[in-house]
Each structure stands twice: as C-alpha cells, then as structure tokens.
Amino acid sequence: MADSKRPSILSRNISSKIASIPMALTALVIFIGCSTWTVVYSFTGSKLLPKLRWTGLSQYDRLWGTDRWIVSIENLAIYGFCMLLFSMVVGFVMAALLDQRIRFENTFRSIFLYPYALSFVVTGLTWQWMLNPTFGVQKVVRDWGYTAFTFAPLTDSDYAIYGVLMAGLWQGTGLVMVIMLAGLRGIDEDIWKATRVDGIPKWKTYIRIVIPLMRGAIITALVLVATSIIKVFDLIVAQTQGGPGLATEVPAKYVMDMMFRNQNLGQGFAASTMMLAFVIIILIPWTVYEYREKRRG
Amino acid sequence: MVDTVMTEARGPKPQKAVTGPKIIIYTTLTLLAIYYLAPLYVMVVTSLKTMPEIRLGNVFSLPRDVTFAPWFKAWATACTGLNCDGLSRGFWNSVQILVPSVVISIVVASVNGYALSFWRFKGANVLFTILLFGAFIPYQVMLYPIVIILREIGLYGDVWGLVIVHSIFGMPILTLLFRNYFSSLPEELVKAARVDGAGFWRILIRILLPMSTPIVVVAIILQVTGIWNDFLFGVVYTRPDSYPMTVQLNNIVNSTFGEKEYNVNMAATILTGLVPLLVYFVSGKLFVRGIAAGAVKG
C-alpha cells in the first residue's frame, strides 16, 4: 500500500491522492455533480423517470403558480422568521443568565440542550401529544376550571405553524445558547471591570458593548439556524404531516412529495433548485463577511 | 471558541447576598427548565398509564396504577404494515446501519483530515472548500441523483447504500474536525517519522491515531446521534423491511389504522430517543464540544 522505504515527493503524493479518492468523489461527484444534475433536469419535463426533454422554465412557471408551493413558502417564512427571532433572543438571554456565576450552571445547561440530542421525529411526536386538543395542555387548563381556555394550535389551520414552531424552538434553542455562551466566555473580563467602574448599567453594557463584540458567535448561530430552517422536513412529517389542509406544508416536503409520491420529478427538481437558491442567498453575505474578517486578520 | 466553552463564568461579579436580580435570574431559569423538562415528563408518565386512565386524567398527573405493558407492546408487538414485531425491528436495523456508518465515516474523515494537514497535494484545499460548502446544500437537491447512482451499483434499498450515504454526508464536518485537530499537532512529529522512513499509512496508524482518542470520541458522539436521528435518508434509501428506528416510529405513531394508543406511542417515542439521550448524558461536555466544532464550520 504505502511506500515506506523511499518517501520521494512523487510517491508521497500518490499515497495521499489515493487516500483522498473518497473525498474527491464526494466533493466532485456528489456535491457538485449531483447538484448540477438536479439543476439541469429542473429544465426538463421529467415525470416518472428523468428524461432530457427540455421544457425551458415551464417547471418554474408551474411551481410559482401552484398554491401549495406558495403556501409552503409563506409557512416557511413565518416559521423561519419566528424561529430566528425567538431562538436568537431566547438563546442569548439563556446564555447571559447562565453567565452570571450562578449555581447549577451545568444542570441548567444540560436541561436546555438535551432536546437538541433528540431527533426531529421524536420532537414532533412529543409535541403532537403535548398539543393534543383532547388530552393535552388545553384539557389540563380546562380541568383547572378555565373551561373557555383554547390552546390547540395543531387543529387550527391559522395557528398550526406556531405549534410546529413551539417544537422547533424546544429542540433548537439550546444550540444557540451554547454558541452564545461560548461567545460570552470569549469576551475580555476587563471590559466588565471597566464598565462597572464607570457605573454603566449591566443591560446597557450587554447591548452597547457585549453584543457587538459577539458578532462572530451571533453570525455563526444565525447561519446554522437559518440553514436548518430551510431543511425542515422530518419535524413536519412527524408532527402534522403538513396539515391541517396545507397549514404546515413546507418546501422540503413539497420536493419529497413531488419526487417520491406524485411521480413528478421535474417539479421536485425545480422546487429543490429553489431551496438551493435560498441557501445560496443566505451563504453569500456570510462568506463575504468571513472572507473580510480573515483578511483583516 | 471551542475551548472557551468550558472555562468558568466570567460575567459581572455576583453580589454576596441573595438579592433581587439573583432571584429574577433563578426564577427565569427555573421556568425555562420547566418548559424544557415538561415534554419529557409528560412522555414518561403517559407511557406508564393505561388507556382508560389517559382518557380520564390529565397529561401531567402521575399514573395511578403503573403499567409497563405499553413499553412491552411498543418494543415487541406494535404493528407497522404487515410486520407486528414492534420497534425492536427498527432498533436492530438502526444498529446495523449505525455501526458500519460510524466506523467508515470516521476512518474516511480521519484519513482526509490527515492528508489535508500533512500531505497536501495540488487541489486538496479546493476539494476541502467544496466539501465545506457542500455541507450547506439542502439534501433534497442531491437525493434523486444519488438514487440513480445507488441503483447503478446495485445498492439502492440496501443497508449498505444507506451506510455510504451517511458516510458521504458526515464527511464535511468530520473532515473539518480531524483537519483542525491534526493541524494543531506539531509538524515535527510527522517530519521526524518521515525521516525515519515511515510512510503515509504508517505515520497515521502508528503515530497519529493513537493520540487522537479525544477527537475520535467527539466524532463518534456526533455521528451516533446524527445517524440515529436521521429520517430523510432512511425513508429514501431503504425498504420497509430495513427502515431505521425513526422511520418505523413515525409509521407506528402516525398510522391511520385502528385506535390510537397514546401510551404505546409515547413508550415508542422514548425508546427511539433513548440512544441519543444516553450518548448526551454520558458524554456531557464532549457533546458540547462536538456541536461547538460543528458551529465553527467554514
């Protein structure tokens, strides 16, 4: 396998290159090749089988003319906006609270993070049960005597997406907290000393000084949460199956149903290409930012 | 950033007596903790109740007569489709998928990281950059072409096909992990071995891997939880007979046939979450290190 006797420049590169074949195949064939393939076939009229019969942009026309897709995008926008906002704010607050030299810090952190270890399927099924209209939280509160209490988001098509949001936040906020906590711990303690000497209130220090210093951690968390939002699929399948009606349909599920259930491959390819476009829109500003930071040193 | 996770709190100094702000902090944290623990508590108590009791009582009440029958049923006799051997089938499928996937993905990624750190060839960094950006591509974009590739090599629907898929999609983060770890080691180590006549594989196996235990553990944690929790790949690339546990769980709970047995469903849900929970609570801070490593991606 290896040339252990004479490690000339040539042979060492050969070993390394052979060892890197799986990486090269993954990068070139899967990540670039398969993505390109899907984008190319999104311009065809493929139905049950992929066929190179060009139809121009007609798949995209149909996609953006389909109610279900538009609703999926709207749902994703609501879910995504709330998820970003709440997970960032709550995650930061949790991290800041844990950073106050409190007792049981590790216990609290373990409690906030454990849902992140669970799968979306488990998360979705758990919250499906918690929000069950006949037996869940609604019934408990009604039994306490508040008989008019209504809290059954999953059966109400106006609020179902917020039921999914509750589950998503439960699962994902811990991750933001951990990243933010790492960011907070990276801040120089002298800053705290200085602001205390100057008598600046703590909340002001956080907003004016600490948060700007944590840009790196905040952006990392934003990118991670944002890309996970676009991918959301298992959670929906487990918790609501997209219902009631179209109330919790999302783009990823549209893709899956088109490709593997409705035998409408072209639509699936066009929709997944749109998902790729969303990710690129998120990634470009981030990449530019990281690049600039690196150049600045 | 990764290493600072574990240092002690460096926020403003606390006042000595228990004062107003402290009370607010602890109250807020406790309320949050209740929100986070409530679902777990509800799952456990529901799984220990009988169906009549579930219909009468409320989800937060403790079971009056504890029964383990739902757990037994969930594990051994619950039906999905034609199979009535419970979640045990999915569990063993998941184990069969998990073990080779974890081993292969870690072997491949450690070799990648090693080649990228010490034996860089022309174009290696380009491949690595593609790999890192690939981590952000939605899986849906690549799902179908991979179906075709697996069908061509005769592994579509086979557990080994799924193993390959897991190894591919675990590669970006694991390669990054190993590359960063190996790059932090002194280069003299490898240079000296090279002078002594050791080659590519020998240096990796004899010198570097024995000192990589911590990073291998982090990689195992990441992969075990990630692969166990996978649903999408399992649904696309395996047949009903070899569905992983998550897929089978979803089929049991969301089946539209017959009366819903919430206690069995909850027992099944806990059973499926048990493996990652175990990993989480046993590994403790290493789990945090794993996701922190994932967080500095790019």
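Residues numbered from 1 in each chain as written. Chains lettered and ligands numbered in written order. Predicted model: local features only at pLDDT ≥ 70, side-chain atom pairs only at ≥ 80, totals over all residues.

**Topic: the overall build of chain A**
Of regular secondary structure, chain A possesses 14 helices and zero strands. In chain A, the succession of helices and strands from N to C terminus is α-α-α-α-α-α-α-α-α-α-α-α-α-α. Over its C-alpha trace chain A gives a radius of gyration of 24 Å, far above what one expects of a compact globule, namely 19 Å for 297 residues. Looking at chain A as a whole, 44% of its 297 residues qualify as buried. A separation threshold of at least 6 residues defines the contact pool for chain A, and within that pool the share at least 24 residues apart is 69%. (Helix = DSSP H or I, 4+ residues; strand = E, 2+ residues; numbered from the N terminus. Rg over C-alpha atoms; globule rule 2.2 N^0.38 Å. Buried ≥ 20, exposed ≤ 12 C-beta atoms within 10 Å, placed from the backbone. Contact = placed C-beta atoms within 7 Å.)

**Let's talk about the overall build of chain B**
Looking only at helices and strands, chain B has 14 helices and zero strands in total. Counted from the first residue to the last, chain B has its helices and strands arranged as α-α-α-α-α-α-α-α-α-α-α-α-α-α. Reported as C-alpha extents along the three principal axes, the dimensions of chain B are approximately 75 × 70 × 35 Å. Counting over 298 residues, chain B shows a buried share of 47%. For chain B, contacts bridging at least 24 residues in sequence account for 75% of all contacts bridging at least 6.

**Quick notes on the interface of chain B and chain A**
One widely used convention gives an interface's size as the accessible area the parts lose upon coming together. At the junction of the two partners, chain B supplies 82 residues and chain A supplies 88 residues. Among the elements that line the side of chain B that touches chain A, the one with the most residues is helix α1 (residues 20-47) of chain B, at 11 residues. Looking at the side of chain B that touches chain A residue by residue, the classes come out as 57 nonpolar, 22 polar and three charged. (Nonpolar A, V, L, I, M, F, W, Y, C, P; charged D, E, K, R; others polar.)

**Topic: helix α14 (residues 265-296) of chain A**
Over its 32 residues, α14 of chain A extends 46 Å from the first C-alpha to the last, a length consistent with the 46 Å expected when each residue adds 1.5 Å. The largest bend in α14 of chain A amounts to roughly 25 degrees and is located at Leu283 of chain A, with the proline Pro285 of chain A lying one to four residues further along. Where the residues of α14 of chain A are buried, they touch α2 (21-41), α3 (58-64), α4 (67-98), α11 (215-231) and α13 (251-260) of chain A together with α6 (139-152) of chain B. (Expected span 1.5 Å × (residues − 1). Bend = angle between axes of the 7 residues up to and from the residue.)

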